[in-house]
Every structure is written in structure tokens, then in C-alpha cells.
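So the chains spell out like this:
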Amino acid sequence: MIAEEHNAKNREYRGIGTGSGIAMAKAVIVHRGEAVIPVITLEPEKIEQEIARFRESLFISREQLLKIRATVAKTMGEEAAGVIDAQLMLLSDPFLVDETEKLIKLKRVNAEHALDTVIQGAIESLGESKDPTFQDRVHDLNDIRSRIISNLLGLKGQTIPMPEEESILVISHLAPSETAQLFGSKYVGLVTEIGGFTSHIAIMSRTMNLPAVLGVENATEDIKRGEEVIVNSMKGIVIVNPDEETEKSYNKLKSIYIKRRKLIEKYIPKKAVTPDGHKVSVGANMELPEEVPMAKHFGADGIGLFRTELLYMKSDKLPSEDEQFEVYKNIASQIKPDSAIIRTFDVGGDKFAGILTHHHYEPNPFLGWRAIRIGLEYPEILKTQICAILRASNFGNLKIMFPMISLPEELKRARELVEECKDILRERGEKFNEKIEVGIMVEVPSAAILSRKLAEMCDFMSIGTNDLIQYTLAADRGNPRVAHIYQSYQPAVLKLIKMTIDSAHLEGRWAGLCGEFAGYVLAVPLLLGMGLDEFSVVPARVPLVKTIINHFPYSEARVMAEEVMQFTTEEEVISYLSERVKEFLPKEIIEFEVID
Ligand code: PEP
Ligand code: MG
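Remember, predicted model here, so these are calculated numbers, not experimental data. (Residues numbered from 1 in each chain as written. Chains lettered and ligands numbered in written order. Predicted model: local features only at pLDDT ≥ 70, side-chain atom pairs only at ≥ 80, totals over all residues. Heavy atoms only, no water.)

Participant: Any chance you could explain the overall build of the protein here in plain terms?
Facilitator: Summing up its helical and strand segments, the protein has 27 helices and 16 strands in all. In terms of overall dimensions, the protein is globule-like: its C-alpha atoms have a radius of gyration of 25 Å, near the 25 Å expected for 596 residues. Burial status across the protein gives 56% buried among its 596 residues. For the protein, the exposed area adds up to about 25800 Å²; of that, 52% sits on carbon and sulfur atoms. Between the mean site of the 71 positive side-chain charges and the mean site of the 89 negative ones, the protein shows a separation of 4 Å. (Helix = DSSP H or I, 4+ residues; strand = E, 2+ residues; numbered from the N terminus. Rg over C-alpha atoms; globule rule 2.2 N^0.38 Å. Buried < 20%, exposed > 50% of the residue type's maximum accessible area, 1.4 Å probe, protein only. Areas by Shrake-Rupley, 256 points an atom, 1.4 Å probe, with all protein chains shown as cover. Lys, Arg positive; Asp, Glu negative; His and termini not counted. Charge placed at Lys NZ, Arg CZ, Asp CG, Glu CD.)

Put into C-alpha cells, the structure is as follows:
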């Protein structure tokens, strides 16, 4: 880019918005220099000394992280502090520690170089997946590498400058410990080059209500120190050097946003009941046990979807029954007396898990070897997970949910596996909830079409629109070229949703929806009118869904849902819904969505 372009007005950059608000202030840019790592060949008698030096650096790193963890726990709560545990665990990871020591011995090299080689190898073996949970693992490895190497080299950790005035921090990435430093500082917004929606930075910035846009490529190069920056974390947009008009519309947006936040916060302790007395439940979606307190904080009625893929992605070993049991038990005990739906592993598709899918090339991964299909081909792997969930069901209210069911035979076999697991546990004398509910995700059109039969065979159904939309319209959910066909409000999709809810009710079951769609302003009253029993959304969106439900009469929502079924295009549906919701929803909600 030439210099003039750098200073141009209204430069817009896109990234991943964390949904934690909007901010405007001047930019502080932090460029991160990598430490130069020396390569030294050791005399044989120096090897033991080098290993001792390496162990000491691990000890110092642990002490530093524990201190940071304690500060974060005190200022931001246990859930935020929990994200530092991933790095603490790496410090005693046998792979990292043993391999580094082996390399020091075998190659007779210094600890910095050995550690760097081991971590580089681990990062390369993770491949180039764009999966956010996968990238988080890479960030953890990079962060722990910098920390240990700084300690080995005797460098003081690079700190983030603390400004005197309100500022936006623009930086390549942040370690959890550094994100924690922003709490209570003058930083009112954050832009990073690396980080996904589920990354530590995203989780912590939502907890702190710090507006952040992550994954903005070249941000530290393109944005200059002192430039005015708008961070719109609701839309994932960064505007640099805004002109007067943009600034004005931003200020308007901000005041609406503040009013909206004040309004929806009032609904956190309330139940989701329509003005005419129809009650539904609003759960939270999550993938880390550390998010449970956040779900409670935002007033969720339990966990509507706990994704377990992370357990399978974080290491090159399959998670053991005991390891999984600890995770599920932790969730069950925290969320009690509410329930948590644990979804069995949904790896495959775009969710790459090295251990299960690493050497397996597929031309059409979304139509291929994924989720329950893997579990039924390797029942021992799925049974390990089911046994862990069953054992944990003794400590709270857990339910099991199978993803990607496309045929009744799959559900039949999966249920048989649950029974086999119960037998195993009985034999071992382990306690579990004999009456544990077993449900399925409806995310393949065949499952929606066969929903009556499937409902008869299980206890509940949760509609996964993220996938159902892509499979109904044959439009890859991650491919921007077909994004215009990936239409959430397309009547073809809405009919499948309605059909599933009706089938569940005819069989005396309840139906939930845990795709992103459950949190859209226009979709909430529509789904309410279709008779949906449970909405499950990211924790921060729970209060918004409750606010909408508390304003929308069920009788009106039912009429609206009937009407919508007459349309044939998404455009017609959206324009109809946009008009109707104005009659019932507070203007703070509608205005914001319109401008947004
Ligand atoms: C869905 O498909 O809507 C869903 C919730 O599952 P995931 O996004 O994990 O595929
Ligand atoms: Mg899905």
C-alpha cells in the first residue's frame, strides 16, 4: 500500500467480532519482535546442566502464570482465569518436556533451540487448519514458547504500554495473561491480527465487555499510531480514520447500543415468558467448562449444547474416559440444578481432529466421514465418551445428544451403544442416571423429513441450523462465494424447522434449536410462534433472546409463523418479519439491528 492510502479516510477492515460492544478512540500499535534464538552445540559434560536450566525455566514460567492466574481470578472471576490453565497444562505436557530434554541430550543443543524445534514441530503437525479451536492451540503453543524462551534468555516479558487516555490497542495477538492486563486500563477497544470467536482473547474480552475485532490481517502494518479507530465488535468491522459523517453515525450507534444494553440487562434474572404467559427456555452453547459461570452470569436456563470436539482436537491422543469424565462432571456440578446437553463428538467436516481425521483425505468433507458416522464405525471410541457422560450424570443433570443423524438406523445403533455402556458401568459397580435423556441434532434434511419417526425413538430433538441450512440449500456454510444462497430465512429451511418441531410435539417430545439462528432478532419471535421449546445461543446473547420473548405475545407470534409459511423467498420473509416485530419489540432493539 502506498503512503497516501494509509492515511485515507474511512478505511474499513473486517475480522471476527466478539459481540462485546463498540468503541472509538486513538490507536496504540504494538509491534512484536521475536527473540533471536541462539543455536549452541554443547560439550557432553554440559548436558545435565542444560537440562537443569530448562527445568528451572519451566518452574519460573509456572510461577509467573500462577501469579497471573490469581490476579485474573480476583479481578475477573474464575471463568476468565480458567483460560490460563491451558498454558499451565502445557508446562507439564510430557510431549513438550520429554521431547525437549531428549533433543538436548541427543543433539547436544541448547534448551532454547531444542524447545523451539519441538514446538515448531507440534505446530506444523497441527497443519494449516483455519478452525478457530485449532488455532487457539497454536496460539497457546506460541505463547508458552515465548514465555519459556524469554525466561531462558533472561529477558523481561514484553509488556503492553498503558496509555493515559482512552485508546484502542492494535496488536498481532495477546496471551491470556496480557488480555487480563487490559481490564481496568484505559483501553476501550482491541484489534488483533490473530484470534477466533472461541479464542481466549474473545472469551475474555466478552467477559470484560471490551469491544474487540480479531483476525484483522496486517492490522499492525496498516493502522498507524494515533489514528482514530472505530471497533464495531457486533459486526466485526474496524473503521480507521473515519470522516465526520461516519463519526456521527457511530456516536448515534453507540448511544443506541448503551441504551439497548441497559434494557436487556434487566432481563438477565427474569424467566423467558411471553406477555400472554407462554414459557420457553433459553440455554447457552459452549465448548469450555470455563464458560459455565458466564452462562449463569447471563441468566441461561442450562446448557443447550456443549460441543465436545475440543477434547479430541487438543492433542494427538484420544481423550480417555477418566479425562472426559472430569470435564463432564465439572459441567454437571457447576450447572446443577439446571441441565447440560453434552453432544458426542462432531469431528470431521470442517472440524479437523488430527487423531481421527488426520490422514484421511475427502473431496467433500461436509458430506463425508463426520460425527456419528465416525462414532458408529469405531464404537469403542464413542462408547468411551458415552461411559464418561453416564458416569458424570451421577453429579448433575446431563443429557446425551448425537450429532449429524441422517438415518433412523444410526439412532437405533447409537441408542444400543448407550445401553451397552450402561451394562459396562453396572458391571463395574459405577453409579449413573438410569433415566438419562438421549436426543439428537436435526441438521440434515433427511432427519427433518423423518422427524416423526426419529422423535418416537428419542427423548428430545435440537435443530442445528448452521448445518441444516447448508445441507438444505447445498451451500457450504464457510464458502463466501455461495454465501448468498446460504439463506437462514429461506422458506425451504423454515418448513423443515416447523416440521421438526411439530413432529417432536406429536410424539410428546420437546424441540430446541441451537444454531446461530436461535439468536437472531427476527428469528426469535418466528421460532417462538412455531412452538419451539428451547432456544440455545452463545452466553452473551441469552439476555437479548429473553428480552424479545418477554415482549412478544405468543398469540401474535403464532399468527406470524403461519403467515411466513406462505412466502417463497427469503426477502419476503425478512421484510414481513421486520415490519411485524416493530409492533412489539422495544425500539432500542430494532433500531440497533437496523443500523447494525
Ligand atoms: C449446528 O449445526 O447448527 C450446530 C449447532 O452445530 P455446529 O455448529 O457445531 O455444527
Ligand atoms: Mg452442526
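There's more to say after this.
Participant: Which parts of the structure should I look at to understand the packing of aromatic side chains?
Facilitator: Any two aromatic rings considered together are summarised by their centre-to-centre distance and by the angle between their planes. This model, assessed by the stated rule, comprises eight aromatic pairs. Summarising the aromatic geometry, the rings of Trp-369 and Tyr-378 are spaced 6.0 Å apart at their centres and angled 75 degrees between planes, so their arrangement reads as edge-to-face. Pairing Phe-460 with Trp-510 gives two aromatic rings, centres 4.8 Å apart and planes at 5 degrees, and the pair type is stacked. Taken together, the positions of Phe-460 in strand E14 (residues 460-463) and Trp-510 in strand E15 (residues 510-513) put the pair 50 residues apart, joining distant regions of the chain. What makes Trp-510 partly exposed here is its relative accessible area of 22%. (Phe/Tyr/Trp six-rings, centres within 6.5 Å; stacked < 30°, edge-to-face > 60°.)

Participant: Looking at this structure, how should I read empty space enclosed by the protein?
Facilitator: Where empty space is left becomes clear once a probe the size of a water molecule has been rolled over the atoms. Overall, the coordinates contain two cavities of 30 Å³ or more when judged by the stated rule. In this structure, the second largest cavity is lined by Arg-206, Glu-291, Met-294, Val-538, Pro-539 and Ala-540. Looking at the lining of the second largest cavity residue by residue, the class counts come to four nonpolar, no polar and two charged. (1 Å grid on protein atoms, 1.4 Å probe; cavity = no way out; pocket = protein on both sides within 12 Å on 5 of 7 lines; lining within 4 Å. Points joined across faces, edges and corners; volume = space filled by probe spheres on them. Nonpolar A, V, L, I, M, F, W, Y, C, P; charged D, E, K, R; others polar.)

Participant: It is not clear to me how the coordination of the magnesium ion (ligand 2) should be interpreted in this structure. Could you clarify?
Facilitator: Ideal geometry at a metal centre gives angles of 109.5 degrees when four donors are arranged tetrahedrally and 90 or 180 degrees when six donors are arranged octahedrally. Within the protein, the atoms that donate to the magnesium ion (ligand 2) are Glu-443 (OE) and Asp-467 (OD), at distances of 2.1 to 2.2 Å. Residue Glu-443 is found in the loop between strand E13 (438-442) and helix H19 (445-449), and its partner Asp-467 is found in helix H21 (residues 465-473); the two are separated by 24 residues along the sequence. Exposure class is identical for Glu-443 and Asp-467. Each is buried. (Donors = N, O, S within 2.8 Å, 3.2 Å for Na, K, Ca; no water.)

Participant: Which parts of the structure should I look at to understand the pattern of salt bridges?
Facilitator: Oppositely charged side chains can pair when the atoms bearing their charge come close. Counted according to the given criterion, the structure contains 36 salt bridges. With a closest N to O distance of 3.5 Å, Lys-399 and Glu-437 form a salt bridge. Separated by 38 residues along the polypeptide, Lys-399 in strand E12 (residues 397-402) and Glu-437 in the loop between helix H18 (408-428) and E13 bring together distant segments of the chain. What emerges from the salt-bridge pattern is a single network uniting Glu-380, Lys-383, Lys-412, Arg-413, Glu-416 and Glu-420. (Salt bridge = Lys/Arg side-chain N within 4 Å of Asp/Glu carboxyl O.)

Participant: In this structure, what is going on with helix H17 (residues 379-392)? I would like to understand it.
Facilitator: Three or four residues apart is the spacing at which side chains of an α-helix point the same way, because the helix has 3.6 residues per turn. Taking 1.5 Å per residue, 14 residues should reach 20 Å; H17 reaches 20 Å between its end C-alpha atoms and fits that length. Burial runs high along H17: eleven of the 14 residues are buried. Regarding H17, the residues found buried are Ile-381, Leu-382, Lys-383, Gln-385, Ile-386, Cys-387, Ala-388, Ile-389, Leu-390, Arg-391 and Ala-392. (Expected span 1.5 Å × (residues − 1).)

Participant: Help me understand the sheet that holds E15, please; the structure alone is not making it clear to me.
Facilitator: Sheet strands pair by backbone hydrogen bonding; their relative direction is either parallel or antiparallel. Here we have eight strands rolled up into a closed barrel, ordered E9-E10-E11-E12-E13-E14-E15-E16, and parallel in their pairing. This sheet shows a mean twist of 30 degrees between the axes of neighbouring strands, independent of strand direction. Pairing geometry for E12 and E13, over three bridges, is parallel. Within the sheet, the bridge partner assigned to Met-401 lies in E13 and is Gly-439. Packing against the sheet, H18 makes contact with E12 and E13, and its axis sits at approximately 145 degrees to E12. (Pairing = 2+ DSSP bridges. Axes fitted to C-alpha atoms, helices over the stretch in contact; angles between N-to-C directions. Contact = heavy atoms within 4.5 Å.)

Participant: Explain the side chain of Asn-110 to me, please; I cannot follow it from the model alone.
Facilitator: Within the fold, Asn-110 resides in the loop between helix H5 (94-107) and helix H6 (111-125). When its relative accessible area of 2% is taken as the criterion, Asn-110 is described as buried. Within the local environment of Asn-110, its side chain forms a polar contact with the backbone oxygen of Pro-38, the two atoms lying 2.9 Å apart. With residues near it in sequence (within four places) discarded, Asn-110 still touches Pro-38, Val-39, Ile-40, Leu-42 and Glu-50. (Polar contact = N/O pair within 3.5 Å; in protein donor to acceptor, adjacent residues only side chain to side chain.)

Participant: Where do I start with the sheet that holds strand E4 (residues 167-171) in this structure?
Facilitator: Sheet architecture is open: eight strands sit in the order E1-E8-E7-E3-E4-E5-E6-E2, paired in mixed fashion. Strand pairing shows two members of the sheet lacking a second neighbour, strand E1 (11-14) and strand E2 (16-17), which therefore form its edges. Alignment of strand E3 (residues 22-30) against E4, held across five bridges, turns out to be parallel. In the sheet register, Val-28 faces E4, and the bridge partner there is Leu-169. Taken strand by strand, helix H11 (residues 244-265) contacts E3, strand E7 (228-232) and strand E8 (237-240), and its axis lies near 115 degrees from that of E3.

Participant: Whenever I open this one, the packing of helix H22 (residues 491-506) against helix H23 (residues 523-530) confuses me. Can you help?
Facilitator: Packed helix pairs are characterised by how far apart their axes lie and by the angle those axes make with each other. Look at H22 against H23: their axes get within 10 Å of each other, and the N-to-C directions meet at 40 degrees. Classified by the angle their axes make, H22 and H23 are oblique. Two packed elements cross with a definite hand, and for H22 against H23 that hand is right-handed. Residues Leu-494, Ile-497, Lys-498, Ile-501 and Asp-502 of H22 form the contact with H23, whose own contacting residues are Leu-526, Leu-527 and Met-530. In terms of residue class, the contact of H22 with H23 is made up of six nonpolar, no polar and two charged. (Parallel < 35°, antiparallel > 145°, perpendicular 65-115°, else oblique. Left-handed = near helix turned anticlockwise from the far one by under 90°.)

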